[in-house]
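If you want the building blocks of each chain, they are given just below.
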Amino acid sequence: MSTDSITLEALAQQAAPASTYLVEIHALDNGWYVVRLHLKDHALDLVDPAGTALRFTGTQWVSRALKPLGFDNAVLTHSDVHDEMIGAPTQTISPEERLAFGTRVSLQT
C-alpha cells in the first residue's frame, strides 16, 4: 500500500465525502498522535503545509480538526511494541491487521 500526503486545507477543499476515507489515528510514544486517511489502494498522511506529519497531543484535537469536515469516526491504532529487556521475539502486524483490530472511536467536538 502506497502512502501519499494531504494537508488539512486540501482535505477541506476535496469534493469526496468524508465517508470515502477510513480515518486512522495512530498513537506514537509520549502522547503524540498522527492521522492517516485510508482509501482502497493507498493511504494519505495528514501533513502541515511544509509536508511534515501533523502531530496531535490528544484524540480530541484530531476530532476538532476533522469533525467540521464531516468525519465522524476513526480507528485508534498503536505502534508495535516489544520487550527488549527479555528479548522476547515479536512479529510485526500488517497495516490491514492494525486497522482491523484497532479501537473504534467517535469524533466529537
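All of these numbers come straight from a predicted model, not from anything done at the bench.

Once that is clear, we can look at the nonpolar core. Of all hydrophobic cores here, the largest spans 20 residues; its most connected members are Leu11, Val23, Ile25, Val35, Leu37, Leu66 and Phe71. Those elements that provide at least two residues to this core are strand 2 (22-27), strand 3 (33-38), strand 4 (42-47), helix 2 (59-66) and strand 5 (73-78). For Leu66, the residues in contact, after removing those within four places along its chain, are Leu8, Leu11, Val23, Val35, Leu46, Phe71 and Leu107.

Our next topic: the pairing of strand 3. A regular strand carries its side chains on alternate faces of the sheet. The element strand 3 is largely enclosed, with a buried count of five among its six residues. Pairing of strand 2 with strand 3, which is carried by six bridges, proceeds in the antiparallel orientation. When the bridges of strand 3 are listed, Ile25 appears paired with Val35. Sheet topology note: the strand 3/strand 4 ladder contains three bridges and is antiparallel. From the neighbouring strand, His38 faces strand 4, where its bridge partner is Ala43. Counted between consecutive antiparallel strands, the loop separating strand 3 from strand 4 contains three residues.

Reading guide: rules and limits
Residues numbered from 1 in each chain as written. Predicted model: local features only at pLDDT ≥ 70, side-chain atom pairs only at ≥ 80, totals over all residues. Heavy atoms only, no water. Core = buried A, V, L, I, M, F, W, Y, C linked by side-chain atoms within 4.5 Å. Buried < 20%, exposed > 50% of the residue type's maximum accessible area, 1.4 Å probe, protein only. Helix = DSSP H or I, 4+ residues; strand = E, 2+ residues; numbered from the N terminus. Contact = heavy atoms within 4.5 Å. Pairing = 2+ DSSP bridges.

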